[in-house]
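# Structural characterization, general
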Amino acid sequence: MTPPKPAETQTATLADIAREAGVSAPTVSKVLNGRADVAPATRTRVEELLRAYGYRRRRAEASRSPLIDLVFHELESAWAMEVIRGVENVARDAGLSVVLSESAGRLTPGRTWADQVAARRPHGVVLVLSELDESQRALLLSRSIPFVVMDPAGDPGPDVPSIGATNWQGGLAATRHLVELGHRRIGAISGPSRMMCSRARVDGYRAALETAGLPVDQRLVKAGDFHHDAGYRLGLELLRMPDRPTAVFTGNDLQALGLYEAARELGLRIPEDVSIVGFDDLPVARWVGPPLTTVRQPLTEMAEAAARLVLEMGRAAEATTATRVELATSLVVRSSTAAPASG
């Protein structure tokens, strides 16, 4: 049997797959259900055929466990807790539990993760700052397990549902606030350049400077990694410059807290000597001294929207058109920003 043309992919049956693979229909069913009692070579052959035929289990046939899978590329306690809270809110109301996993800093989960999800048969998967490779997407699609990407690291593609935030607008608002206070030399500590949200925030920063007729000094733009240590290390570099910036926009609140530490180590006062703006509005932003001016990213609401969307996709009789949603960010002004000191 030759794998069918794309127009015919929806007519393939388990019997077709089994016959082509030279195995029984129950063996194909075991692969679909993530059962462990299938030889690796057989599993690989069946998965390849499922992908070639574009096989998708009908949603009415897909029995589900009372679970939502939540996948982080990396767990950061304060940031991740807001996301977990949002998914848990929706799961609890739907009578479901949340399975939490982390891919150890990789933007794409490992292969064993996809097999484990197939075995769990959750109602859906929410991936945070993560993405799937082609084989993982095919595996979930063949089992009719819907997935949504929250705060995608890169462009998820037109066929992948995603929930994000207005990162560019947030970077613009943060920098415009500093410009309006009278700052003319404004630094930035970004997140990783591989992440779309990080690039968008810095693009907003640049746009605000250019709109105000201020030059973008590349020496004042440092590439961080969204961790506290990067804010501290890069903050020291910026604040030790002979013509140091009078204000700094950081790509997230954790880096802003690192910058706080750097400023205090150098004997600089916040905001008298340097104004600081973060991004996220984590609970800790209100507790530090002075309280941090930051851009509120509605993390809990984003997570709730992603969980609701994945459940709606699971309830749909057929595959739905991919949805892309961006929730609004907003500037929260506190005490870490002020006009620059005269002279």
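Refer to the preceding data block for the structure.
The structure displayed is predicted, hence computed values, not measured ones. (Residues numbered from 1 in each chain as written. Predicted model: local features only at pLDDT ≥ 70, side-chain atom pairs only at ≥ 80, totals over all residues. Heavy atoms only, no water.)

Before going further, it helps to examine the sheet that holds strand β4 (residues 147-150). Strand order in this open sheet of six strands is β2-β1-β3-β4-β5-β11, and the pairing throughout is parallel. The open sheet has two free edges, formed respectively by β2 (97-102) and β11 (324-327), since each of these has just one partner strand. If you compare each strand with its neighbour and ignore which way they point, the axes differ by 20 degrees on average. Sheet analysis places strand β1 (residues 67-72) next to strand β3 (residues 124-128), joined by five bridges and oriented parallel. Considered in β3, the bridge of L70 is made with V126. With respect to the sheet, helix α12 (residues 299-315) is in contact with β1, β3, β4, β5 (162-165) and β11, its orientation differing from that of β4 by roughly 165 degrees. (Pairing = 2+ DSSP bridges. Helix = DSSP H or I, 4+ residues; strand = E, 2+ residues; numbered from the N terminus. Axes fitted to C-alpha atoms, helices over the stretch in contact; angles between N-to-C directions. Contact = heavy atoms within 4.5 Å.)

Below, the discussion takes up the environment of E88. By the element assignment, E88 lies in helix α4 (residues 77-93). On the basis of relative accessible area, E88 is assigned to the partly exposed category, the value being 29%. Along the backbone, E88 and E304 are 216 residues apart, and their C-alpha atoms lie at a distance of 8.1 Å. (Buried < 20%, exposed > 50% of the residue type's maximum accessible area, 1.4 Å probe, protein only.)

On to the nonpolar core. Counting 33 residues, the largest nonpolar core has W79, V83, V126, V128 and M150 as the members making the most contacts within it. Breaking this core down by element, the ones donating at least two residues are β1, α4, β3, β4, β5 and α12. No other element matches α12, which puts 10 residues into this core. Residues in contact with V126, not counting those within four places in the same chain, are I68, D69, L70, V71, V148, M150, A306, A307 and V310. Of all hydrophobic cores here, the second largest spans 19 residues; its members include L257, Y260, A263 and A285. (Core = buried A, V, L, I, M, F, W, Y, C linked by side-chain atoms within 4.5 Å.)

Here we take up the sheet that holds strand β10 (residues 293-296). Read from one edge of the open sheet, six strands run β7-β6-β8-β9-β10-β12, paired in mixed fashion. Two strands bound the open sheet, and with one partner strand each, they are β7 (221-223) and β12 (330-332). If you compare each strand with its neighbour and ignore which way they point, the axes differ by 20 degrees on average. Direction of pairing for strand β9 (residues 275-280) relative to β10: parallel, over a ladder of four bridges. Following the sheet pairing, G278 is matched in β10 by T294. Across the sheet, helix α7 (residues 167-180) lies against β6 (186-190), β8 (247-250), β9, β10 and β12, angled at about 165 degrees from β9, the strand it touches most.

Moving on: the pattern of salt bridges. For the structure shown, the criterion picks out 13 salt bridges. R85 is the salt-bridge partner of E82, the closest N and O atoms lying 2.8 Å from each other. Pair noted here: E82 and R85 are both in helix α4, with a separation of three residues, about one helical turn. Given a relative accessible area of 15%, E82 falls into the buried group. Among the salt bridges present, the one from R185 reaches D217, with a minimum N-O distance of 3.3 Å. Placement of the pair is R185 in the loop between α7 and β6 and D217 in the loop between α8 (196-211) and β7, with a sequence separation of 32 residues. Looking at R185, the relative accessible area reads 21%, which means it is partly exposed. For D217, a relative accessible area of 19% corresponds to the buried category. One continuous salt-bridge network, built from bridges that share partners, spans R185, D217, R219 and D243. (Salt bridge = Lys/Arg side-chain N within 4 Å of Asp/Glu carboxyl O.)

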